[in-house]
Amino acid sequence: MADRLRTYAYLLLYIALSSGQIFFNKWVLSSKEINFPYPLGLTLLHMVFSSVLCFLVTKVFKIMKVEEGMTAEIYLTSVVPIGAMFAMTLWLGNTAYLYISVAFAQMLKAIMPVAVFILGVAAGLEVMSCRMLLIMSVISFGVLVASIGEININWVGVVYQMGGVVGEALRLIFMEIFVKRKGLKLNPISVMYYVSPCSALCLFIPWIFLEKPKIDASGSWNFPPVVLALNSLCTFALNLSVFLVITHTSALTIRVAGVIKDWVVVLLSALLFADTKLTIINLFGYAIAIAGVAAYNNHKLKKEATRRTSDDTENAQSVQLTSPSGPNK
């Protein structure tokens, strides 16, 4: 009973932190609030902050340890692409908030399973089937209907958001290839330890050319350091909450919790932000997309359960064949 309550507490913590971080980023970037219209700089700050904290946690205070086995070859061929895609995802996703509402951004994110599946098929990690094709069609149709129902649609924001979706899909594909083909399994803290500095470097280079000149031209660097530090701390706390949920449940559970979080964000954004105007078509389309996402998660759950059963059977047979004791001894 205590373990179940603890798991629910971790899930609620993840949903609260994830939802809160989305609103926090929108609040910081909004010209009507904090007015820090530099999504690239904000994301760079997050990655630098995360890099420093991961170093302190693992190397200075040694609260957690970094998994062994990382080599230069693995870092260059796996961690660097993951870090680059992570940087791309955060940068483009945060930039989208300058142009579209939080609610509409979440609706567009529902297309993520489609992007992951298509890229997975291209990489040989997924197999095309009629069932998956139907699920992908339902999700795509739902997102299309939700987009048609958007009153204040801004195509620049849509392009940024979809770019962020593609970046996240590529990151997940690279992560799966990394785990399956490199044979190196890292806990989330180790992943952040290796990925955050790489992402920070990938963000720093475009920041020098794209946003630093704008900040210099404004003639002022007087942005609220306390607010930006708290925003970065919340990002790191969110990553830790993901670590807690995955450790005590599974990656699938956090995907399901993510669906609940998306609904919370969509509904709350209508109350918190004036630029959010939800329509019946919006909500109807999003409901269709979420139904498709639920079907996708259910399909992945059955697939994982089948794979685990198969692995357990193979392991049991292997033990039986290699056992020194038996009826013939």
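Residues numbered from 1 in each chain as written. Predicted model: local features only at pLDDT ≥ 70, side-chain atom pairs only at ≥ 80, totals over all residues. Heavy atoms only, no water.

The name that an unreviewed UniProt entry assigns to the protein chain is Sugar phosphate transporter domain containing protein, with the source organism given as Trema orientale. Quoted verbatim from the Subcellular location (unreviewed entry) field of the UniProt record, the comment on the protein chain reads "Membrane". (UniProt positions renumbered as here; feature names shortened; annotations may be inferred.)

1. Observations concerning the overall build of the protein chain
Along the backbone of the protein chain there are twelve helices and zero strands. Its helices and strands taken in sequence order, the protein chain reads α-α-α-α-α-α-α-α-α-α-α-α from the N to the C terminus. Counting over 329 residues, the protein chain shows a buried share of 44%. Within the protein chain, counting contacts between residues at least 6 apart in sequence, those at least 24 apart form 86% of the total. (Helix = DSSP H or I, 4+ residues; strand = E, 2+ residues; numbered from the N terminus. Buried < 20%, exposed > 50% of the residue type's maximum accessible area, 1.4 Å probe, protein only. Contact = heavy atoms within 4.5 Å.)

2. A word on the packing of aromatic side chains
As enumerated under the stated definition, the model contains seven aromatic pairs in all. Considering the side-chain rings of Phe24 and Trp27, the 6.0 Å spacing of their centres and the 40 degrees angle between planes classify their relative orientation as tilted. Taken together, the residues Phe24 and Trp27, both in helix H1 (residues 2-29) and three residues apart, mark about one turn of the helix. Residue class for Trp27 comes out partly exposed when judged on its relative accessible area of 34%. The interplanar angle of 15 degrees and the centroid separation of 5.7 Å between the aromatic rings of Tyr99 and Tyr160 together place this pair among those described as stacked. Placement of the pair is Tyr99 in the loop between helix H3 (72-96) and helix H4 (102-109) and Tyr160 in helix H7 (residues 155-182), with a sequence separation of 61 residues. Residue Tyr99 is classed as partly exposed on the basis of its relative accessible area, which comes to 35%. An aromatic cluster is defined as three or more aromatic residues linked by ring pairs; in this entry it consists of Tyr75, Tyr193 and Tyr194. (Phe/Tyr/Trp six-rings, centres within 6.5 Å; stacked < 30°, edge-to-face > 60°.)

3. Points about the packing of H1 against helix H2 (residues 39-60)
Running from N to C, H1 and H2 cross one another at 135 degrees; their axes reach a closest spacing of 11 Å. The angle between H1 and H2 falls in the class oblique. Here the hand of the crossing between H1 and H2 comes out right-handed. Only Pro39, Leu42 and His46 of H2 make contact with H1, whose side of the interface consists of Gln21, Asn25, Val28 and Leu29. Considering only residue class, the contact of H1 with H2 consists of four nonpolar, three polar and no charged. (Axes fitted to C-alpha atoms, helices over the stretch in contact; angles between N-to-C directions. Parallel < 35°, antiparallel > 145°, perpendicular 65-115°, else oblique. Left-handed = near helix turned anticlockwise from the far one by under 90°. Nonpolar A, V, L, I, M, F, W, Y, C, P; charged D, E, K, R; others polar.)

4. Considering the environment of Asn154
Tracing the chain through its elements places Asn154 in the loop between helix H6 (130-148) and H7. Expressed as a C-alpha distance, the spacing of Asn154 and Ser101, which sit 53 residues apart in the sequence, is 9.4 Å. Ignoring anything within four residues of it in the chain, the contact list for Asn154 reads Tyr99 and Ile100.

5. Overview of the packing of H4 against H6
Look at H4 against H6: their axes get within 9 Å of each other, and the N-to-C directions meet at 160 degrees. By the angle between their axes, H4 is roughly antiparallel relative to H6. Classified by chirality, the crossing of H6 by H4 is left-handed. For the pair formed by H4 and H6, the contact residues are Phe104, Met107 and Leu108 on the first element and Val143, Ala146 and Ser147 on the second. By residue class, the composition of the contact of H4 with H6 is five nonpolar, one polar and no charged.

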